[in-house]
Amino acid sequence: MNDARKTRRRLAVAALTILAVVSLFVVRLVDIQVVRAADLNTESLSKRSVAQTTYGARGNIVDTNGKVLADSVDRFDITASPLLVNAFDRTAEDGKSKTTVSVTDAIAELSTATGAPVADITASLTKDPESNFAYVAKSVTLEQLTAVRKLGIPWTYDVLHPSRTYPNGTVAGNLVGFIGTDGPQNGLEVTEDKCVGSTNGSATYERGADGIRIPGSTVTTKEAKDGGTLKLTIDNDFQWYAQQVLAERTVELGAEWGTIVVVRVSDGHLMAVADYPSVDPNNVDGVPVTALGSRAFSSPFEPGSTMKSITVASLLDAGAITPTTQVTAPGRRDLGDGQSIKDAWSHADIPYTATGVLVNSSNTGISLLADKLADKETRRDYMLKFGLNSKTAVDFQGESSGSVPQTQNWDPVTNYAVQFGQGMTTTSVQMASAYQTLGNGGVHMPVTLVEGCQWADGTVTEVPTNQGTRAVSEAAADQTVAMMENVVTQGGLTAELTIPGYRVAAKTGTAEVADGNGYGSDRIISIAGLVPAEAPEYAIVVSFAKPVTMKTSSAVSTTFKKITTQVIKSFRIAPSDEPSPKIPVTW
Amino acid sequence: MSSNLAFATPLRSPREDTRSTPHIEIVSSREQRKARPRVVYAVVTVAGLFALFLAQLLLSIVVSDGAYRIAGLQTEQRDLGRQQQALSEQLDLLSSPQNLAAQAESLGMVLSNTSPVFLRLADGAIVGSASAAGEGQAVIGATGSLVPNALLGDIPLVEQAAIAGGTAPGTADTAVGGSFVDPVAGAPDAGATPGSVTSNPMALPSPVTR
């Protein structure tokens, strides 16, 4: 009987212990779920999962050597919570003494750290004292951010703000374009956005009360995608030199605008496309709207006598002439009905060879040569084969296709005028491309600005095609280049255009500009050429529109010589071994 | 077994009672011994449970600690990455052609664009007609830089005087390339500049690579 009592007692003790423990738990549960529910709920709001934007980096735009033209960088916005703005205590570095920092002091410190004016910061913070968000400074650099963080002001925060910077400034600025607040605004930034553009991703994670991420809680809902690197054919340093030289001369001549285009003959890659006026993408507001974009692509003009080389090549290819074909060029040629064409200088009849016509740039002479290929369609087709009347393969933003009128619209003057570059329009790039064709043995290569778009995984897209089309025979092209060499060696600008040790082929052009009432007194002067003439590697076209101080193409010669010399130095062209062949200019 | 009958137990002297009551035990049989539950199993089970709880506790401590370390390292990585980016940004800016040209001009370098001349490293031959660069052929010129770079701001220009005491850069040290290589004015015959390397005037200083 003792045992039974003992057993019962033990059982009772065990049951009581269990009951005690269970009731402890119940009390705790009730406490959490019922009594403190509201408080804990509000506390948990801050512990909920945090949504985070993972930024994809916009791709860089680089030149042919990899130098960065457009760079994606981190900038930071300093924000504040006006609701919490108040004086605070700052512990000194020794850890003991505390100083009270007033709001005005804090604002002054922020101003020195970020460079934003005190008045602006104060206005932004006091505009809506109940709001939880206001900007203190936008787009500050890492240095400034570190300075702000050091201040330790409890009511300021920082937000990452990916940004775009252009370390080379105006160099290739017209080509690269720029980014505005809403995204890419201009140039390659816009047209190549599918290459360099990035997409942001999103991820969520949970974090503890002290802000540390709870391990294993990160869930990526969308992957961020970085943009690819856009590689251009432009050479950065050479482009700078071209822009500098162009700008100097355009200002000297008082011209409205100027362009320099340098194309590699073998593959049609653009080494430099210089415009003046041009834009610094870091400071777009500093220039008028007309300076944005690239006039080399978008401004068509009547090219003038630089077109004669193309005419000569076409006639040579058709077998209509040879370099020594003889004509007698009058000072003025009557076409009947009161229409006539005349040369730039008045003269009596001169017995020119075809080379002489080119060297002396005789309009009447070229018209006589063109008579030997009477069919208008054939002559127009040659122009199209050289790439005129259609956009280049670059398809740059706002590019113009120029215009060669249909043959049914050719009046007797236009019939000849198109052969010496009036009555039809081209852009500077089209002209450079035509000269590239002449230098490349008559094979027209597609003009290329983009070398490719390289992605992070190594794949390269947008690789340009290497397919050329034949415009004229190799013999015709080579003969034309030889004739153009004589422009340099026997023409009126021999001293200005000769580079010792090198053979250069060139053609000048002084084009009249239509002013709505026939042609006015303005001119567009240019020189187009190839170097080295024995085996051309680069085609160079320099143009100035409506110069004021000097209106003849001789004004272009100094710039042409400078840029050609630079081509030789930059791209290491060896001097020529043999002298230029001399073709007779008169008979 | 107890009973209600009262007994009179004869008094005996304790000394005489040497016979003790026999100690009787119930001996458990083997089956009974086997049927009894063993303590060791219970101890093992409970100990195992405790060990599991303990292990889980330790693991979660370590994992949480790892989370703090990860957070710290990620912040460090991010900050270092930002620093590197800021520095390479600065580098790109300093290597922009506007800056290089301005610095070159400030050093007194001139640009000779009258005739390009090359120095062929293979045999030291001068290719082209060499002539001394003129004094006034400035890199940028009187008009100043017309290709502005808004980011350049106030980068200080190197003073020519500051490097006057150092060695004149050997022409063969830098590769012939880039836009602004000075034409070599009849290379080895130019007057001995302080600190120049060759003792044999016809020998070229060999390119130094780093």
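For the structure, see preceding data.
Everything in this summary refers to the structure shown in the same document. Treat the numbers as computed from the prediction; the structure is a model and nothing was measured. (Residues numbered from 1 in each chain as written. Chains lettered and ligands numbered in written order. Predicted model: local features only at pLDDT ≥ 70, side-chain atom pairs only at ≥ 80, totals over all residues.)

## A short note on the environment of A:Phe178
Residue and element names in this part refer to chain A.
Part 1 of the argument: By the element assignment, Phe178 lies in the loop between helix H6 (173-176) and strand E8 (179-180).
Part 2 of the argument: You can call Phe178 buried: it has 22 C-beta atoms within 10 Å.
Part 3 of the argument: Sequence-distant contacts of Phe178, that is, excluding residues within four places in its chain, are made with Gln185, Asn186, Gly187, Glu189, Pro281 and Val284. (Helix = DSSP H or I, 4+ residues; strand = E, 2+ residues; numbered from the N terminus. Buried ≥ 20, exposed ≤ 12 C-beta atoms within 10 Å, placed from the backbone. Contact = placed C-beta atoms within 7 Å.)

## Things to note about the sheet that holds strand E13 (residues 257-264) of chain A
All names here are of chain A.
Part 1 of the argument: Reading across from one edge, E14-E13-E25-E24-E23 is the order of the 5 strands in this open sheet, with antiparallel pairing throughout. In the strand order of this sheet, the two ends are held by strand E14 (270-276) and strand E23 (505-514), each with one partner. For this sheet, the mean inter-axis angle between neighbouring strands, taken without regard to orientation, is 10 degrees.
Part 2 of the argument: Alignment of E13 against E14, held across 6 bridges, turns out to be antiparallel. What sits directly across from Val262, in E14, is Ala272.
Part 3 of the argument: Taken strand by strand, helix H9 (residues 236-253) contacts E13, E14 and strand E25 (538-545), and its axis lies near 30 degrees from that of E14.
Part 4 of the argument: Along the sheet face, helix H16 (residues 428-439) touches E13, E14, strand E24 (519-531) and E25 and points at about 150 degrees away from the line of E25. (Pairing = 2+ DSSP bridges. Axes fitted to C-alpha atoms, helices over the stretch in contact; angles between N-to-C directions.)

## A word on the environment of A:Thr325
Residue and element names in this part refer to chain A.
Part 1 of the argument: You can see Thr325 is positioned in the loop between helix H11 (308-317) and strand E15 (326-329).
Part 2 of the argument: Taking the number of C-beta atoms within 10 Å as the measure of exposure, Thr325 has 20 and is therefore buried.
Part 3 of the argument: Distance in space between the C-alpha atoms of Thr325 and Lys67 is 50 Å, their sequence separation being 258 residues.

## Remarks on the interface of chain B and chain A
Part 1 of the argument: Listed by partner, the interface residues are 32 residues for chain B and 40 residues for chain A.
Part 2 of the argument: Where the side of chain B that touches chain A is concerned, the elements lending two or more residues are helix H2 (39-94) and helix H3 (97-106) of chain B.
Part 3 of the argument: Looking at the side of chain B that touches chain A element by element, the count peaks at 12 residues for H2(B).
Part 4 of the argument: Of the residues in the side of chain B that touches chain A, the class split is 15 nonpolar, 14 polar and 3 charged. (Nonpolar A, V, L, I, M, F, W, Y, C, P; charged D, E, K, R; others polar.)

## Considerations on the packing of H11(A) against helix H13 (residues 363-371) of chain A
Residues and elements named next belong to chain A.
Part 1 of the argument: The geometry of H11 relative to H13 is characterised by a closest axis approach of 10 Å and an angle of 25 degrees between their N-to-C directions. Taken together, H11 and H13 sit at an angle that is classed as roughly parallel. You can see that H11 and H13 cross each other, and the crossing is left-handed. Contacts between H11 and H13 pair Lys308, Thr311 and Leu315 from the former with Ile366, Leu369 and Ala370 from the latter.
Part 2 of the argument: Of the residues belonging to the contact of H11 with H13, the class tally is 4 nonpolar, 1 polar and 1 charged. (Parallel < 35°, antiparallel > 145°, perpendicular 65-115°, else oblique. Left-handed = near helix turned anticlockwise from the far one by under 90°.)

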